[in-house]
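Survey of secondary and tertiary structure
Each chain is listed here by its residues.
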Amino acid sequence: MTEKLHINALENEAIYIFREVAAQFEKPVLLFSGGKDSITLVRLAQKAFYPAKIPFPLMHIDTGHNFPETIEFRDRLVAELGVELIVRNVQDSIDQGKVKEESGRYSSRNMLQTTTLLDAIEEFKFDACIGGARRDEEKARAKERIFSVRDDFGQWDEKNQRPELFDMLNGNIDLGQNVRVFPISNWTELDVWTYIENEELEIPSIYFAHKRDIFVRDGMIWTASEHVYKDEEEVVEERMVRFRTVGDMSCTAAVDSYAITISEVVAEIRDSSISERGARIDDKRSEAAMEKRKQQGYF
Amino acid sequence: MEVLKIATAGSVDDGKSTLIGRLLYDTKSLTSDKLEAIERSSKQKGYDYLDFSLATDGLVAEREQGITIDVAHIYFSTATRSYIIADTPGHVEYTRNMVTGASTSQVAIILIDARHGVIEQTYRHFFINNLLRIKDVIVAVNKMDLVDFSEERYNEIKADFQKLVDKSDYEDQNITFIPVSALKGDNIVDKSETMPWYNGQTLLEHLEKLDTVNIYNRGQMRFPVQYVIRPKTSAFHDYRGYAGKVYGGEIKVGDEVLVLPSETKTKIKEINFNGKKYESAARRSSISVLLEDNVNVSRGDMIVKVNELPKVDKNFTATVSWMDTKKLLAGSKYVLQHGVNKVLAKVTTINNKIETDFSGIETDISSLNINDIASVSFQLNKPIFFDSFKEHRTNGSFILIDLQSNSTVGVGFID
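The following paragraphs examine the structure supplied in this document. (Residues numbered from 1 in each chain as written. Chains lettered and ligands numbered in written order. Predicted model: local features only at pLDDT ≥ 70, side-chain atom pairs only at ≥ 80, totals over all residues.)

Next up on the list: the environment of Ile-262 of chain A. Residue and element names in this part refer to chain A. Within the secondary structure, Ile-262 is located in helix H7 (residues 262-271). In this structure Ile-262 comes out as partly exposed when scored by C-beta crowding, with 19 C-beta atoms within 10 Å. Taking the C-alpha atoms as reference, Ile-262 lies 40 Å from Phe-153; in sequence the two are 109 residues apart. Beyond its immediate sequence surroundings of up to four residues, Ile-262 is in contact with Ile-196 and Glu-197. (Helix = DSSP H or I, 4+ residues; strand = E, 2+ residues; numbered from the N terminus. Buried ≥ 20, exposed ≤ 12 C-beta atoms within 10 Å, placed from the backbone. Contact = placed C-beta atoms within 7 Å.)

As structure tokens, this is what we get:
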């Protein structure tokens, strides 16, 4: 027996965008961090091209400060998909003297990723980089287009963006330019979690409550690790926590949680009174932190 | 979960951002860290109320000038459905953003300042919603607190707006008037206690009860082929799936179809989605189809039902909304993107400029400036398969791409 098809509106839109990327660009790449948003992207890409394989590689810009659980998860997923994984390391950019490691209390490799990413785009001549950014995450991202053109320097000119009308996506670019593509632009954090639950997607274990050595600074829960700067007077304790985003250890704060299943996580997000970016230390730097990073070529 | 997209339009001081902020606040969609930021910022500015506009004005320039300058997307949800607001600026020079925001929306909210009533910009907002065939328009008469919540004033504005409605050629449009005070929260989510004379729904009640099935303009089924899926694996050796999105109507297995431009007749053999076969697929589904016969189909081709042929032509006239600082001139060439199909287009004639104030005045012009709307005739290098915009919102629209800058410079609605 066959049934009538009903696809969720957001899934529909994302699949349409993936197919436009494959059709309009010569060398697309899917930027994969191992986080829930990029895992969702991978699932959508599979659906967009089934029964063919995803027609582009995945690329991970590894800060070297990732949670080991994420890396292990990444490698397993790529093996299952049978797609190519490209890894480029921030450590290499540091070793080549292109960027300088930050030091001190709020030091992070998050900003340094931009250089490594732009170098990789140039190395492989990628013309479209697909990312899992969402407009609900942050104010500057609320203005982001689905096809967002970057110049030769990877920069975002937010005042001069192409209008996007109906669902027509204009992928025409000059040589040297590239496009950042955001298929889940219109998803909220809750939409992503609900999708992960419905699709029964596997996600890294750090998204679920676990015991971890942490310390509290500025009211946020930081991971105690060799990669994270800590003052002597900051006291390490063990707590039940989980992460809402999976960035670099130095810029991702944990939240107190006992949610150990997906449905418990979804329930927690539904009731949560703190936005996901509220746990991003990098955004607290200033009100315009994200906008500044984006202009420089950050995702 | 159902998703409803709403375009908001209003002049600089109509309190649009406050209205959106109020919707977010009263639906408990603002998280505590965002609320804290608003409280902090409001206090800093010395306000004795919460400045909700801070919830939406994103870019640095906007915060500096205190105005919204681009389309921002705001998300909230209720137990009933998810909402996406495309917040577009309302000043004269930003017609392009309003058109952009309205193009992806099913509902529009037009804001009117109760003190000022229907002004020239109201004409423009309503005109654009008409041009884009937005079926459900909510006229929110805001700042009722500043006119003593006067029923008389509200009725006056309503009557003025009705005069515009009478000039409209879009009969299927539903127009709803609601008196509100976004700042005080009257009739946004909660019913106003200070306007007992108003018996209608609050803004949110109206949105919650909108019928999302009939809110779309329907038309004949159009299936533009986006991408050809060829796995070339042993398990799927001869598989050729035509991937695309269904527009206008439903597609079913067994449907007799024509493939354009070749007009080859065949049948829908299978409808596939993620490894499963389906009997039918509704409008707006991203699917792939297999055809009964071995037909040569590529991106940009269109599958339609027999007896439901669109127009196939190299020449047509359209209403164009121009969006670039570089002018459109007669004789200019552009890439014309119609759905997923790209062709070359030449402007044969600029017929006349269309005023956005319902005056019906048509002036002769030789070029189009940014934010101008005009009737323009085109000639293409090969035919496209289109419908009139009034009959088919998706298959009757196109964008124009500049050959040098590659930027999207205009949008057209085919006559």
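More follows now that the structure is in view.
On to the packing of helix H4 (residues 95-103) of chain B against helix H5 (residues 120-131) of chain B. Residue and element names in this part refer to chain B. Two elements in contact, H4 and H5, have axes whose closest approach is 10 Å; the angle formed by their N-to-C orientations is 40°. With respect to H5, the element H4 is oriented oblique. In this structure, the crossing between H4 and H5 has a hand that is right-handed. Contacts between H4 and H5 pair Thr-95, Met-98, Val-99 and Ala-102 from the former with His-125, Ile-128 and Asn-129 from the latter. (Axes fitted to C-alpha atoms, helices over the stretch in contact; angles between N-to-C directions. Parallel < 35°, antiparallel > 145°, perpendicular 65-115°, else oblique. Left-handed = near helix turned anticlockwise from the far one by under 90°.)

Residues and elements named next belong to chain A. For the pair helix H1 (residues 9-24) and helix H2 (residues 36-49), the least separation of the axes is 9 Å and the interaxial angle reads 70°. On the basis of their axis angle, the class for H1 and H2 is roughly perpendicular. Of the residues in H2, those in contact with Glu-11, Ala-14, Ile-15, Phe-18 and Arg-19 of H1 are Leu-44, Ala-45, Lys-47 and Ala-48. Split by residue class, the contact of H1 with H2 holds 6 nonpolar, no polar and 3 charged. (Nonpolar A, V, L, I, M, F, W, Y, C, P; charged D, E, K, R; others polar.)

Contacts between the two partners involve 45 residues from chain A, matched on the other side by 54 residues from chain B. For the side of chain A that touches chain B, the elements supplying multiple residues, two or more each, are strand E1 (3-5), H1 and H2 of chain A. When residues in the side of chain A that touches chain B are grouped by element, the largest group, 9 residues, is from H1 of chain A. Looking at side-chain class alone, the side of chain A that touches chain B contains 21 nonpolar, 10 polar and 14 charged residues.

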